Structure formats: structure tokens, C-alpha cells
Amino acid sequence: MRLSHPTLWAVQALFACAVVFLATAWAADPPRKSDGLTDVVQWDNYTLFLHNQRMFLYSGEFHTFRLPVRELWLDVFQKMVAAGLNGVSIYIHWGLTNPAPGVFDFDDWRALQPMFDAAKLAGIFITLRPGPYINAETTAGGLALWSTSLVEGDVRVNSTTWNAAYQPYVSKIIEVTKPNQVTEGGPVLLLQIDNEYSQTPASHAEYFADLESQYRTNGIVVPLTYNDPGERMQFVNGTGAPDLYGLDFYPNNFNCTPGPDWNPVPTNFHQYHLATAPDRPFYLPEFQGGTNDYWGGPGYERCRERVGADFADVYYKNNWASNAKMQSVYMFYGGTSWGGITYPGAYTSYDYAGAIKETRLLWEKYDEMKRQGLFIRSSPSFHKTDWIGDTNQTHNGIPEVSISGQDAENAFGTYLRNPDTGTRFVIVRQLNGTSIDNISFKLTVASSRGSLTIPEYAPSIALNGRQSKVILVDYPFGASGSVLYSTAPVFFAGTIGKRDVLFIYGDADQSHEVSLALSGHGTRVNSGRIRYNTARGGFTTISVLSQPGSKGLLTLWDSPSQLILFADTATATTFWAPAVRNPTRNTVPGLETFWQFGTNTTVLVGGPYLVRNASLEDGGRTLAVRGDLNASVPLTVVAPESVRTVTFNGKRASVRSSSEGVLVGRLEVNPDIKRVKIPKLSGWRFADSLPEVKDGFDDSAWIVADHTSTNITIKPAFGDGRVLYGCDYGFCENNIFWRGHFNATGTETGANLTINGGTAFAASVWLNDVLLNTVSDFSATGETNAFFAFPSSALRPGQDNVLTVLQDHMGNDEGQNQKSDRGIRGFALVGGVGNFSTWRVQGKLGGYTAYPDKVRGVLNEGGLFAEREGWHLPGFPTGSSSPAKFTSRELSSGLPGGRAGVGFFVTQMRLDVPQGLDASFSFEFDGGAQKTGEPYRALLFVNGWKFGKRVGNVGPQARFPVPPGILNHHGSNTIAVALWALEDTPVHPTLELVLEGVFDGGVGLIAVNNPGWTPR
């Protein structure tokens, strides 16, 4: 049906006059503030300003060290930008980049410049968080492990030894970061000072002040920030306070066991902001984006139930309702805590139930965050709002707003208003935000047309359980579009080509309504779901009626000047709005790829699994789209009117014109995605990896453990004065061996040992070649005191006897015990000679000063014999002539004789993933069973990288993703497993390769950097 709207321009003129009147009725912007070093980045009480443009910072956390393949950083950045994010928060790990005093390693996957370059290419701003302390569920919270042993007294205080330890590292951070600040056309927008601390005692605040001074006096001019763990009002003002204060908040805590159970939705954030930093934007530098799981926990699939898409819908919009205009979720992509990165409370996977899975696959939470991100990007009027009131104001209600209807008492609303445009935003959810009931109600709200009760024609505003919506009033879009009100959420609003485009969406089992001024001569959709009513002042009210199960895109209005679209939520989510590089006179040099600061040109692309970017070519006649497909899909494109051709990943797509500026067609997926073969892991080679308990083993080259003092906080519990802490001898991670020698008289009855390895550690103890016992502890202390009785048959009177302890170092604690006492905290020989003559210790080859594998880095290897010899590296000889005496033995056979010990299994596997595909693989133990009850620990090595620790009798992790670049998708791979059987019980682990997903697309060629074995 084609209609004319001759009065529309008059209506729009009147609407514009009303907006101008409203704008002049409110005060101008408050004075801006800056750090006094640059005006490129400023702020007021609403938002940041960058190059004089107000910006809503919508950010997510990603740690490049948890994805040690540089080419894949762009993959994550592009996925973040595709979801509408304009910021990424990144921790830098001091311990990985400064492995020993005076030694700095910013090479390979530790490099910062490739990270900055990838962010700039993707068009995403960086909040850099270089610590020195980062927490992040990392060993010692990211501190250089050597500092936990060498620094006298406390860390993170204003002291001579602590300053001498961290300041050279910060100097290196400054050196690389300085030319990459936004003031220089780079992506670094903000820099955080340390992390989650207290301002008292004074030495804490003075440390912060010293750190800030080092940045400021050496060229860091962007604002400095802080994140406060909870509403503690630390570093708001006073000594050590940075420019911008931020609140760190995790409302659902870190326990996935309750599954979908939620904690109450916070309602005091706005009041807290007014009480702390009302002259600065309300900043949430860490808001819950997921949760970490723990040893023996329920696993990340259960975590996703607790912090999934519905969590993001309710809690993130609750942050908006608190007038937060700077938000970063932790984590957006978690990655992998490979090697010795993790702290004791977490296992290898750092999936975190983030919006992007550890496998780099997307899921429903990503979809919700994309819907939110594109709304924020589309809505400049939302970037500056005053908080007017909420339902908590029980005496007087919300000014200008009331809720009515059958479920009014169960609805909660917050009213925000833009003081310039008069745009109103009412953010609604259920009064009990955790409720799973469905409710409906109507809303009465002030507008430029007087008081409105909405919806006018549809039955009500509906909220399903755990759902939140933003109700819009007087909402401008595009060049001249105006919405009087909408109960349907906005997916996209803006200008594409010559047309103002509004794309709204909603669940099919609910009714929705929008009232807006339609422009030009156009057509309406002919659908039984849609009702058109001409309302007051020439606005047209369009009602979309409930039709459960209905899917698809509906064109509500199509004219040369305006396009109005509606889709169900699932269909809307298949659309993308990539920024199209199109420099204008306002483009900021260096920021050409950034939305708002480099370009305001965009298109809509519906259908693909992912759209990474798009460009206009051939004089604007061709839209070149790059992205990912996992299946053949229908294609819908809304583009400038000049576009006639569409290419996807360089191949021309079959499209036809549906209307002016709208092209439809189909994208055919590369058939090679069905040809990715998954090889079986077989032909294993085996060798014993526990010579340390054999007769005649020579430990003379090991370090003698004879220190009598330590800087580690908790001192030894008992012994003869010698300190047996691994880090004091250079061994601060992974497996560590201790060998205590004594000349037996024959009357020794045992040894009393206190062994500390951190939560979920294990330690096996042998007398000579006889296993005495294996102990473990799952408490926060991670320590066990036990008596290890000596069988008389194992004791050798008149000879040198050796007590061998193999311990699993689970990482140093975070928080107040970063200087963790890992090792043997107490020892006593009971009976006989009464004491040990010599203790020797061995961890990874070379310790932290001379470890040989500089590419994989300081935390990759541990002290197992196989690791020290390099058996895990590609190219180590495992043939029959190998000095390691490898033989054929399947992994599922376990160790010979079913005895306790350590064995090493290795096999070769070839992959041949067709070029142009992005595949995601994982290695799965024991058919995916979280725990089998079998008492074993296994280390998974892929081409020399330690990418998994499996604990068969604890769990929960059985599946270990390994990214391309570590895994060679186009050649041979060396797969190895170090199997530690904890008891004299047969164990039968299995391992297979699993294909998580395969996509036609990706970021292109991924380099493989897996140095091979050389004699050690």
C-alpha cells in the first residue's frame, strides 16, 4: 500500500521547534575537566569527551596473554566492535614480561605494539591496565614472581625495595605506550593505576602517588583511572587518587553452583555515584561479565546459566538506569590460563562465561550485548541524561512517570531525560529483578505532546521473566527522524545513504508499539500482525501484535527518505552494522577506522554468523563485506542507494534489489567446512619420567636448599632453620621436586612434612623408590601436614637415603598473600639420625633466570624430568634409539604395572584445514566426563605449549581448547601428555580431538611459532 504524508514536514518542523524549546529550557553543559596535561580527553559529570565529542564508553575485558597468538587478537577485537563496543580493557602481566630482575621480554605474544596496532585496525579504544598488580585470577595477581621472593617486606607499598622492583617495568610500559595514546592518534584512551586496593595505611596511598608520578613525569597524558572493588570509596580523593574513580562490582558473585539463581539487582548505584564522584562520569571499569569457576566446580556451562543473556539484559540495563555512561564488563573474552598463569582458585580454562567463549565462538550473551551496543551507538541522545527518579521513590512516585495496569505493582522503572533534546528513557524491569514470572502494564509519561499513556493501541508493555526494556519518548534518529514513543527496543537508528533508518525489534510472544512521524511517499507492510493508526499531530502509531513463533523481517515503512523495520529478537540479532571507512572533514587523524571519530557511515547486513568489516568500492557501487559463515544463509543488505553489488570475503554474492537501498539474496558457504577431518590420536610413544626415585639418580647439579631466611611473608612452621620455599631458589611455578638426604641408622620411623602448594595441590612422597603417600588439600590455605611412615623394607641403614617430594605448585595467591609460601614449610625426620643432611630442589630448567624457551616464556615449563629434557617439544626423538627409551604404549593403558609415578606419552597428529576456514579445536579427556574418580593429574602439551592441566578425580575441566597458531592447522602437530598417577591404582585416561566449530572466514593467515627441540 502506497501512502502520502503531505503534512509530515510541518509535523517534523513543529517537533523540531519543541526540541529546540526544550533544549533552551535546560542549562548548558557543565564545565569540562581534564588532567591538566591534555584537552584531547576531557570529562564532565555525564561522560568522557574525546576530541570535543561526547562518548559513551561501552567496553569489555580481554587479556592478550591468555591468547598467545598475535593474529587472533584482531579476531577478538573485531568481534567486540561488531557487537557495538568501542572500548577494550586489557591487563598487562608484569610477571610474564619481566621474568627476572633487569630482564624484559616484550617479544612474540608479550609484545604491546602489535596489540595497539590490531586495536587501531579494528577501531577500538584501549583502557590499559598494566598493574603492576592486576589480580585477574593469575599467580600472585600478576606480580613478577621473583619479586615475591626478593622484595623485602610488603609489596604494593611505598618502600625502597618495592619501588626498585616495579619501576623499571613501568618505565618499559611507558616507553611503548606513550606514542600510542589517543593524543598521538593511537588507541590508548585511559590508563589504570594498579588495581583493587585500599587507600590506608598511608603507604598504600603513597605507592599509588609514586606510580602516578612516574607515568605523569614520563609522558603519559591520558586520564588515569582506578577501580574500587565494591562500594568502599577508596581513591576517590586525597593522596593517590587518580583522575577518574570507578566502581568494580560483581552482583552475582563467583559461585556457579546455584546455576540460574540470581542475587538481587542493585538499586543504590546512582546514590553511590552522587556520594562519591558526582563531578565525574559514573564509571564501572569492572562489572560482572561472567564468573570464574574453581577446582571441583560445576563447570562453565553451569556458569552460563547464571550469567547469561538474561543477566546481561537486566543487570547491564540497570547500570544504564543508574546513569552509568562508562562501563566495561569483565570478561568479554576470557581465553586460557595456560602454563602456570593461573592462581590456585581456578583451573586452565578462563572461559569466564564471557560473551565470546574460550573457543572464540559466539553465544546468546554476545547477541544480547550486541543489541545493547548497537542501541548505544545509535542513540547520541542517550549519552547525556539526567537521572530523574525511580520506583524506589515510594512517597511521590517518579516525576512525570507512572505505571498502571494489572501488574503495575510488580514493575520497576527508572526515568532518565536528556536535558538538551528532551528525549526520555524509561528503563523498566520487574520489581524483583530475579523473577521468572511474566508481567504486563502501561506507562504514563510526559512528552513533547503532553502526557502519554502507552501503548495506546496494543494491549500493554510486556516483560517476560528476567527481562528489561528501554521505553523511548521524543527520540530523534538519523538526519530528521523523530519517534514520539516506542515500547519496542531500538536495534539500530541512523542514516544509511539518503534515508533515515529505524530498526526496532521484540519478542514474538509480546505486542509492541511505536509512534513516529513517517516521511515521504512510501509503502506499508501488509500483515495481519501490524496495525496502523494516525494519532495526534500527524504521528503514525504502528502496533505489532503478539504472534508466538513468528519470525522474520517486516518493513513497516519504506520511502525514499525513510526506512522503518521490525523483526523478532532472533532475526534482528542476525543483522550487523559495521562502520564503513569514509573520512570526512571531522575525521580525527589516526582514528579513521573508529566509529564517531573516523566515520559515521554504516550499512546493515543481515544473515552472516559475523560481519567483521565492510567497505564501499568501485565508486560506491560495490559493498565489500568481510565476515564469517557457518552455513548458507539468506542475505539482506541496507546500503546507500548507489550500491548494486555485494561481495562477501571477496566473492560476489547473488543479490537483487528489494527496494531502493535494500538488496536481498543468499550467501553460499564454502563446502570445505564439511571436509575438515578430525584425526584420531593413536600411535602413542611412552617413556618413564620419574628417574628421581630410582637408585643412583644423580641430583648433584640441583640447587642446594640451604637458605636460613626468607622474604616470603609466612615463615617456616618447623624444621632446623633451613627454608624450603621454591621461589627462593628460582622455582616459582608448576611442578617442583625436593630431595632430602639422610644417612639412616635403621631406626628412623618416618618424616613429618608440612607441604604448601596452594588450593587443590597434590604432593607425592617417596622414600628411595617406595611411594609413601600422596596428599592434597582443597582449602584456601592449600597446605597439608602429614606423617609419612617409613616401611622398614624401604629404609637402607648405613646408606644415603632420599626422601623425594614431587609437588604441584598451583600458583601464588592473590590479594594479601601474593608472597606465597609454596614448598615444604615444615620438615622433621622422626627417629634415628634425626635430621636431613642435605636438601636439594629442582623446578623448571634454569629457573626464572636461565629458562631456555624464550618464546613460550617463563611460566610454560615445570620441573618434571620430561620437561627439563624437552620431551614435550616438537622434534624430540622418540624412536627406539632415543636415549629416553621410548616404547609403544597407548595413553589409555596408563602407567606400566598400574603403579604410582610419572610417565610421558607423545604422538604426532596432522591437520589439513582448507585455506580460508577458521576452525576451533579442543582436546577432550575421558569422553568429556568432568571427573572420573581416577587418581591422576595430566599435563597436556600441544607443540610444546602447556595448554591444559587435567585432574581426573577432581575436575571439572575435561575439554581444553587450543587456538590455531598453537595448533598447526596445516601440518604436523606434536601432542604430549605427562601423566602423574597419584596412587598405586591403575588409571586409564583417554584423549581425543574435538571440532568445536568451523567457519568460512576468519582473520586470514595465522603464523605458527612453535620452536622445536634442541639438546639441553
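As shown above, the structure is provided for reference.
A few points on the structure. (Residues numbered from 1 in each chain as written. Predicted model: local features only at pLDDT ≥ 70, side-chain atom pairs only at ≥ 80, totals over all residues. Heavy atoms only, no water.)

Considerations on the pairing of strand 12 (residues 326-333)
For the record, the criterion: We call a residue buried when its accessible area falls under 20% of the maximum for its residue type, exposed when it is over 50%, and partly exposed in between, using a 1.4 Å probe and counting protein chains only. A run of DSSP states H or I qualifies as a helix once it reaches four residues; a run of E qualifies as a strand once it reaches two. Both are numbered from the N-terminal end. Strands are labelled as partners when DSSP assigns at least two bridges between them.
Counting buried residues along strand 12, eight of its eight residues qualify, which places the element largely inside the surrounding structure. The pairing of strand 5 (residues 57-62) with strand 12 spans five bridges and is parallel. Of the residues in strand 12, the one forming a bridge with L57 is M326. Pairing of strand 11 (residues 283-288) with strand 12, which is carried by four bridges, proceeds in the parallel orientation.

Points about unusual backbone geometry
With an omega of 0°, the peptide bond running from I454 to P455 counts as cis. In this fold, P455 is placed in the loop between strand 18 (452-454) and strand 19 (461-463). G955 connects to P956 through a cis peptide bond whose omega is 5°. Along the polypeptide, P956 turns up in the loop between strand 56 (945-951) and strand 57 (959-962). Here H51, not a glycine, exhibits a phi torsion of approximately 50°, which is positive. The residue R360 is not glycine, and still its phi comes out positive at about 75°. Residue R360 is classed as buried on the basis of its relative accessible area of 5%.

Considerations on the environment of N195
The condition that has to hold: The contact criterion used is simple: two residues touch if any of their non-hydrogen atoms lie within 4.5 Å.
Mapped onto the elements of the fold, N195 is located in the loop between strand 8 (188-192) and helix 7 (202-217). Between the C-alpha atoms of N195 and P229, which are 34 residues apart in sequence, the distance is 8.7 Å. Among residues more than four places away in sequence, those in contact with N195 are Y91, R129, Y133, I134, N135, R156, F208, Y226, N227 and E286.

Describing the nonpolar core
Put simply, the rule reads: By nonpolar core we mean a set of buried residues, namely Ala, Val, Leu, Ile, Met, Phe, Trp, Tyr and Cys, connected to one another through side-chain atoms within 4.5 Å.
Core analysis: the largest hydrophobic core is formed by 254 residues, its most contacted members being F77 and F923. Residues A762, F876, A884 and F941 belong to the second largest nonpolar core, which totals 27 residues.

Quick notes on the packing of aromatic side chains
We apply this condition: The pairing test for Phe, Tyr and Trp rings, Trp by its six-membered ring, is centres within 6.5 Å, and the orientation test on the planes gives stacked under 30 degrees, edge-to-face over 60, and tilted for anything in between. By definition, being over a ring means that NZ of Lys or CZ of Arg is both within 6 Å of the ring centre and within 35 degrees of the ring normal.
Tallying each qualifying case throughout the model produces 62 aromatic pairs. Here the aromatic rings of Y245 and Y272 are separated by 6.4 Å at their centres, their planes lie at 50°, and the arrangement is tilted. With Y245 in strand 10 (residues 244-249) and Y272 in helix 8 (residues 269-276), the pair connects residues that are 27 residues apart, well separated along the chain. Accessibility classification places Y245 together with Y272 in one group, the buried group. Members of the aromatic cluster, connected to one another through ring pairs, are W94, W146, W162, Y166, Y169, Y197, Y207, F208, Y226 and F235. One residue, R32, lies across the ring of F49, its end atom 3.9 Å from the ring centre. The ring of W576 carries the charged tip of K370 above its face, separated from the ring centre by 3.3 Å.

Remarks on empty space enclosed by the protein
To be explicit about the condition: Any residue with an atom within 4 Å of a point lines the site, the site being either a cavity, points on a 1 Å grid over the protein atoms alone where a 1.4 Å probe fits but cannot get out, or a pocket, an open set with protein on both sides within 12 Å along at least 5 of 7 lines. Grid points are joined across faces, edges and corners, and a volume is the space filled by probe spheres set on the points.
Inspection of every chain in the model, using the stated rule, returns 11 cavities of 30 Å³ or more. Contributing to the lining of the largest cavity are 24 residues, with G339, G340, T342, N734 and K949 lying nearest its centre. For the lining of the largest cavity, the secondary structure elements donating two or more residues are strand 44 (734-743), strand 49 (800-809) and strand 56. Per-element accounting of the lining of the largest cavity gives the leading share, three residues, to strand 56.

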